[in-house]
Amino acid sequence: MSSFLSLCHRVARAAALVLVTGACASAVAWGASPVVVSDAWVRGTVGAQTATGAFMTLTAPADTELVAVATPAAGTAELHEMKMDAGVMKMRPVVSIPLPAGKPVQLSPGGFHVMLVGLKSPLPTEQPVTLTLTFRDKAGVRTTQEVRASVRPLTAGNPAR
Ligand SMILES: [Cu+2]
């Protein structure tokens, strides 16, 4: 199973398509369908900047939570939420991001997002970033999915779609 999975990941890398990873994961038969990840992107950085955000849309087939993210591009990846606090937008870490069954959940600059902290080098726009997402289902079973996120210019806001 692990060799099949690594083959999947190689195919996904070659195709540079987020959805290919999802298709492979379902072929591996985790016991549950994978979460559909679409439009994954990371905000590019310049100079000495050591943190940035990662964004995507996640649709889980059954009630699931996003509980962790890892990437070779940064020391740690935290799950964050933007919230109004006494009239000021503030960012705070959250333990998990709930993904209700069948409902697309958007990780965006103004809401839930992934914060890449301790970047090892600036992120140029031509080089995609690999993110490993860890999900936990209602039974507590953890699964991981690898996605390739494109890097958009520093000035990119919410995707205009
Ligand atoms: Cu943040």
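On a predicted model such as this, the values are computed, not experimentally measured, just so you know. (Residues numbered from 1 in each chain as written. Predicted model: local features only at pLDDT ≥ 70, side-chain atom pairs only at ≥ 80, totals over all residues.)

Student: Would you explain the overall build of the chain in this entry?
Tutor: Per the secondary structure count, the chain includes two helices and 10 strands. Reading the chain from its N terminus to its C terminus gives the helix and strand order α-α-β-β-β-β-β-β-β-β-β-β. Considering only residue pairs separated by 6 or more positions, the chain has 67% of its internal contacts joining residues 24 or more positions apart. (Helix = DSSP H or I, 4+ residues; strand = E, 2+ residues; numbered from the N terminus. Contact = placed C-beta atoms within 7 Å.)

Student: Explanation requested: the nonpolar core in the structure shown.
Tutor: Looking at soluble globular proteins, one finds that nonpolar side chains tend to be buried together. Counting residues in each nonpolar core, the largest one holds 27 residues, and the members touching the most others are L58, L131 and A149. Once residues lying within four places of it in the same chain are set aside, the contact partners of A149 are A40, W41, V42, A54, M56, P128, V129 and L131. (Core = buried A, V, L, I, M, F, W, Y, C linked by C-beta atoms within 7 Å. Buried ≥ 20, exposed ≤ 12 C-beta atoms within 10 Å, placed from the backbone.)

Student: Before we go on, may I ask you to explain the confidence of the model for the chain in this structure?
Tutor: A low pLDDT score tells you not to read the predicted coordinates there in detail. Taken as a whole, the chain shows an average pLDDT of 83; of its residues, 76% reach a score of 70 or greater. Note on residues 1-30: pLDDT is under 50 here. Beyond four places in sequence and across chains, it has 37 contacts. (pLDDT = per-residue confidence, 0-100.)

Student: Explain the environment of R43 to me, please; I cannot follow it from the model alone.
Tutor: Along the chain, the position of R43 falls in strand β1 (residues 36-43). Linking R43 and S150, residues 107 residues apart in sequence, is a C-alpha distance of 8.6 Å.

Student: Quick question: what am I supposed to make of the pairing of strand β4 (residues 74-85) here?
Tutor: Consecutive side chains of a regular strand alternate in pointing toward one face of the sheet and then the other. Relative to strand β8 (residues 113-119), β4 runs antiparallel, the two sharing six bridges. The partner of A74 across the bridge, within β8, is L119. Relative to strand β5 (residues 88-93), β4 is paired through six bridges, and the arrangement is antiparallel. Each bridged residue has a counterpart across the sheet, and for M82 the counterpart in β5 is M91. Between the end of β4 and the start of β5, which pair antiparallel, lie two residues, with A86 showing a positive phi angle near 55°. (Pairing = 2+ DSSP bridges.)

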